Amino acid sequence: MFALISLHALPLNITSFSSEFEQIIIDDQNKTIRYHGNFIAKAPAMALWDYREPIVKQVMIKGNDVTVVEPDLEQVIYKRIEKDFDFFGILEKALMIGEGHYEATYEYRRFSLYLDGNVIKKIVYLDDFDNIVTIHFKKPVQNAPIEDKRFSVSIPDFYDIIRE
């Protein structure tokens, strides 16, 4: 018996995205960590993860340049990456596998995307350590103008600077 599956590309043309988020990470021992914060992204490759709970931390991505600001450690890390969580790259690869459910393979990793209508509500994937990562977007806004200056972070002079 054969099943016929119709694959359709994600019907969105998203150029910006912002939302509060809850990120849940479950390891192989079923230990769960929950993070909360705000996320903004602007095409083609800018993103800012602003973590507020249980730690304060900012992760800013501009192309292949990443800046991580960790106030509790009074440090900032600058690094260049070959690949990472490319929000828009994932969206471009997404194909429908069911009503409101899309999947994308990006950089050898499979992402499941869940939509409510045309609004992205959740992304699920396995990270490099085989942890299950689920990101719930709360109050998402798509295609609203976002100024480039929002993708900057404030770094106090006394922070240690680490370059990787």
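None of these values were measured; they are calculated from a predicted model.

1. Comments concerning the pattern of salt bridges
Thinking step 1. Scanning all chains against the criterion turns up nine salt bridges.
Thinking step 2. The salt bridge involving Arg34 is made with Glu22; its shortest N-O contact spans 3.0 Å. Taken together, the positions of Arg34 in strand S2 (residues 32-42) and Glu22 in strand S1 (residues 16-26) put the pair 12 residues apart, joining distant regions of the chain.
Thinking step 3. Here Arg34 falls in the partly exposed class, since its relative accessible area comes to 44%.
Thinking step 4. Measuring nitrogen to oxygen at the nearest pair gives 2.7 Å for the salt bridge that ties Glu103 to Arg110.

2. Here's the deal with the packing of aromatic side chains
Thinking step 1. As enumerated under the stated definition, the model contains 13 aromatic pairs in all.
Thinking step 2. Seen from their ring centres, Tyr35 and Tyr51 are 5.6 Å apart, and the 80 degrees between their planes marks the pair as edge-to-face. One end of the pair, Tyr35, is in strand S2; the other, Tyr51, is in strand S3 (residues 46-53), with 16 residues separating them in the sequence.
Thinking step 3. A connected cluster of aromatic rings, assembled from ring pairs, spans Phe17, Phe21, Tyr35, Phe39, Trp49, Tyr51, Phe87, Phe88 and Phe137.
Thinking step 4. A cation sits over an aromatic face here: Lys122 above Tyr114, 4.6 Å from the ring centre.

3. Quick look at the sheet that holds strand S10 (residues 119-126)
Thinking step 1. Read from one edge of the open sheet, 12 strands run S7-S8-S9-S10-S11-S1-S2-S3-S4-S5-S6-S12, paired in mixed fashion. Looking along the sheet, the strands with just one partner apiece sit at the ends: strand S7 (95-98) and strand S12 (160-163). Each adjacent strand pair in this sheet contributes to an overall mean axis angle of 20 degrees, direction not counted.
Thinking step 2. As judged from the six bridges shared by strand S8 (residues 101-106) and strand S9 (residues 109-116), these two strands associate in the antiparallel manner. By the bridge assignment, Thr105 is partnered in S9 with Arg110.

4. Re the pairing of S8
Looking along a regular strand, one sees the side chains alternate between the two faces of the sheet.
Thinking step 1. Pairing analysis gives three bridges linking S7 to S8, with the strands arranged antiparallel. Its bridge partner lying in S8, Met96 is registered against Tyr102.
Thinking step 2. Hairpin connection of S7 to S8: two residues between the antiparallel strands, including Gly100 at a positive phi of 75 degrees.

5. A word on the confidence of the model for the protein
Thinking step 1. Per-residue confidence for the protein gives a mean pLDDT of 88; residues scoring 70 or more make up 91%.
Thinking step 2. Note on residues 1-7: pLDDT is under 50 here. Beyond four places in sequence and across chains, it has four contacts.

Criteria and cut-off values
- Residues numbered from 1 in each chain as written.
- Predicted model: local features only at pLDDT ≥ 70, side-chain atom pairs only at ≥ 80, totals over all residues.
- Heavy atoms only, no water.
- Salt bridge = Lys/Arg side-chain N within 4 Å of Asp/Glu carboxyl O.
- Helix = DSSP H or I, 4+ residues; strand = E, 2+ residues; numbered from the N terminus.
- Buried < 20%, exposed > 50% of the residue type's maximum accessible area, 1.4 Å probe, protein only.
- Phe/Tyr/Trp six-rings, centres within 6.5 Å; stacked < 30°, edge-to-face > 60°.
- Lys NZ or Arg CZ within 6 Å of the ring centre and 35° of its normal.
- Pairing = 2+ DSSP bridges.
- Axes fitted to C-alpha atoms, helices over the stretch in contact; angles between N-to-C directions.
- pLDDT = per-residue confidence, 0-100.
- Contact = heavy atoms within 4.5 Å.

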